[in-house]
Each structure stands twice: as structure tokens, then as C-alpha cells.
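# Breakdown of the fold
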Amino acid sequence: MNRQAQACVLLLLGGAVLRASLTDLYLRYVKQELRPFLIAASLLLIAAAVMTLWYELRPALRRASPADAPRGEEHHDDHGHHEPRVAWLLILPALGLLLVAPPALGAYAANQSGTSLAAGKLPEYPPLPEGDPAVVTVYDYAVRAVFDKGQSIGDRRVKVTGFTVAGGDGRPVLTRMRLSCCAADGLPTKVALSGNTPAGLADDTWIEVIGRYSSQLGRDPVNDFEIPYLEVESWRQVPAPRDPYE
């Protein structure tokens, strides 16, 4: 791979990252707060590729050999600096972003990892949002249910949104992936459902659930940590949100 080819691959990679950053595609890989950094990085890649092509293709900058050098040694530098062929593999991530973008982490990833609650609890429990029901995240409900024993929830109704994962008892487990930085460190937050639970739903079906705190606790089969329950009053199927992670 010569420098012109390297620049083209760099241009393709920068363009793919920029395209993902200007759409919602980047939300499948990183948190929303990282979008400005992705845009800046993609613009730097594109600028580096353009400058490399401009330098390599501009006839006035082609290096000329000394006048007394043998003709066979002229332009020797143009032939001696090639990178390993394995460098062509760099084109695969760019093509993946442009042509075959994978979906966000879902039920399969959740079944491979233990609940994120094992990582720790909140330092404090602020009041629930106003309204009935109170709209909370899956992680917020789970932390309050496990570590605060539902005291900060009381008898309030809550509304949470997540995707379904098949539970050991045949009932779906409401799940949402939680990121610290990017999809590589994503961990699931799991809330088991009781009461008016959905039936016959496939994995990765997004639902909105309204219910109340339940003192019942289960165990995650992966890391044996506690999984809280939510007493379901009603639920409905919803489209996947723009940002699938918490």
C-alpha cells in the first residue's frame, strides 16, 4: 500500500465516521456526549487524507534526483516505501459503518453479562420526577428498588422503557444497556416483571411499562446479583428510542 492508497483509506474512514456522527448511527457505539469529539476526529482524518493526496499528486513537489546521478537511480524514493498489505484491513471498519452497520447492543449482549447494579449504588436518592406516573430510567428504578428498598419510590407509579429479554420463569425481563463511554463497556440493567406481564414477546421487543415498586427480588444467573421486580399495571409496545442506551 503506497501513500496514495493510504490517503484514500484514511479519507474513506474519516468520511464514514463523519457520516455516522451527523446521523443517529453513532449512538449505537458511544454516548451522546461524545458526538463533538467524533466530528472533530473525522474532520482531522479527512484533512490529513486530503493534504497527503495533495502532496503526493502535485507535480511541482515531486523530488528530483541530482543532475549527476545515474538515470537508473532517479526517483528511487518513489519505489521504496510501501506499507504491509495487511494495512488494507483498515478499510473494513469504514465499509462496516457505510454498508453494514450493526444494531445496538440488545438481548444477546444482556444474556452474556451480569446486571450493572453490581458496580455500585447511587450516593443519594433525589425525589422522583413530577407527574403520574413518574418517568424514570431502568437503572434509576433498579437502584432505588435494590439499595433503597423502594423508600424513595413509595407508592408512586413509575414508567420505564426498555427491551425484553426472556427470563428463567418464562416472563420477560425489562432490560436497558448502560454505557460508561462506549458500547465496548456496556452492561445491562435488568428488572424482572410481575403482575400484568407481557406474554409472547420476542427478545429485543421495546416496551413501555407502568407499575409500582415490588419488594420481590430475583437473582441474575450470570453474576448472581440481585434483580428487582416491578409490579406491572399496564404496558405497551413502543418503537426503539433514538438513543438505545442509558
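For the structure itself, consult the block above.
For the structure given in this document, a descriptive report is provided here. Remember, predicted model here, so these are calculated numbers, not experimental data. (Residues numbered from 1 in each chain as written. Predicted model: local features only at pLDDT ≥ 70, side-chain atom pairs only at ≥ 80, totals over all residues. Heavy atoms only, no water.)

As a further point, take the packing of helix α1 (residues 3-22) against helix α2 (residues 35-57). Put simply, α1 and α2 touch, their axes get as near as 8 Å, and they point 155° apart. Relative to α2, the element α1 is oriented roughly antiparallel. α1 and α2 meet at a crossing whose hand is left-handed. Partitioning the contact of α1 with α2 into residue classes produces 19 nonpolar, six polar and three charged. (Axes fitted to C-alpha atoms, helices over the stretch in contact; angles between N-to-C directions. Helix = DSSP H or I, 4+ residues; strand = E, 2+ residues; numbered from the N terminus. Parallel < 35°, antiparallel > 145°, perpendicular 65-115°, else oblique. Left-handed = near helix turned anticlockwise from the far one by under 90°. Nonpolar A, V, L, I, M, F, W, Y, C, P; charged D, E, K, R; others polar.)

Turning to the pairing of strand β3 (residues 172-178), a few remarks are in order. Across the seven residues of β3, six count as buried, placing the element largely inside the fold. As paired elements, strand β2 (residues 157-166) and β3 share four bridges and run antiparallel to each other. Of the residues in β3, the one forming a bridge with Val 165 is Val 173. Connecting β2 to the next strand, β3, in antiparallel fashion are five residues, including Gly 170 with a positive phi near 90°. Inspection of the sheet shows β3 paired to strand β4 (residues 187-195) by six bridges, in the antiparallel sense. (Buried < 20%, exposed > 50% of the residue type's maximum accessible area, 1.4 Å probe, protein only. Pairing = 2+ DSSP bridges.)

For β2 and strand β5 (residues 206-219), the ladder comprises seven bridges, and the chain directions are antiparallel. Its bridge partner lying in β5, Arg 157 is registered against Arg 212. When β5 meets strand β6 (residues 226-237), the two strands line up antiparallel, connected through eleven bridges. Bridge pairing in β6 links Glu 208 to Arg 236. Between the antiparallel neighbours β5 and β6 lie six residues, among them Asp 224 with a positive phi of about 60°.

Bringing helix α5 (residues 138-147) into the picture now. For the α-helix, the turn length of 3.6 residues means that residues three or four positions removed from each other point alike. The element α5 is extensively covered by neighbouring structure, given that nine of its ten residues are classed as buried. For α5, the complete set of buried residues consists of Val 138, Tyr 139, Asp 140, Tyr 141, Ala 142, Val 143, Arg 144, Ala 145 and Val 146. Buried-residue contacts for α5 involve β2, β3, β4, β5 and β6. One or two positions beyond α5, positive phi appears at Lys 149, with a value near 55°. (Contact = heavy atoms within 4.5 Å.)

With that settled, consider the environment of Asp 148. Here Asp 148 is to be found in the loop between α5 and β2. Taking relative accessible area as the criterion, Asp 148 reaches 13% and is therefore assigned buried. Placed 24 residues apart in sequence, Asp 148 and Glu 124 show a C-alpha to C-alpha distance of 9.4 Å. Sequence-distant contacts of Asp 148, that is, excluding residues within four places in its chain, are made with Tyr 125 and Val 143.

This paragraph deals with α2. Here α2 is 23 residues long and its end C-alpha atoms lie 33 Å apart, about the 33 Å a rise of 1.5 Å per residue gives. Among the residues making up α2, those that are buried are Ser 42, Ala 49 and Leu 53. The inward-facing, buried residues of α2 contact α1. (Expected span 1.5 Å × (residues − 1).)

Turning our attention to the pattern of salt bridges. Applying the stated criterion across every chain, the model contains seven salt bridges. For Glu 233, the salt bridge identified is with Arg 157, shortest N-O distance 3.3 Å. With Glu 233 in strand β6 and Arg 157 in strand β2, this pair connects stretches of sequence that are 76 residues apart. For Glu 233, a relative accessible area of 35% gives the class partly exposed. In the salt-bridge network here, residues are joined through shared partners; they are Asp 132, Arg 157, Arg 212 and Glu 233. (Salt bridge = Lys/Arg side-chain N within 4 Å of Asp/Glu carboxyl O.)

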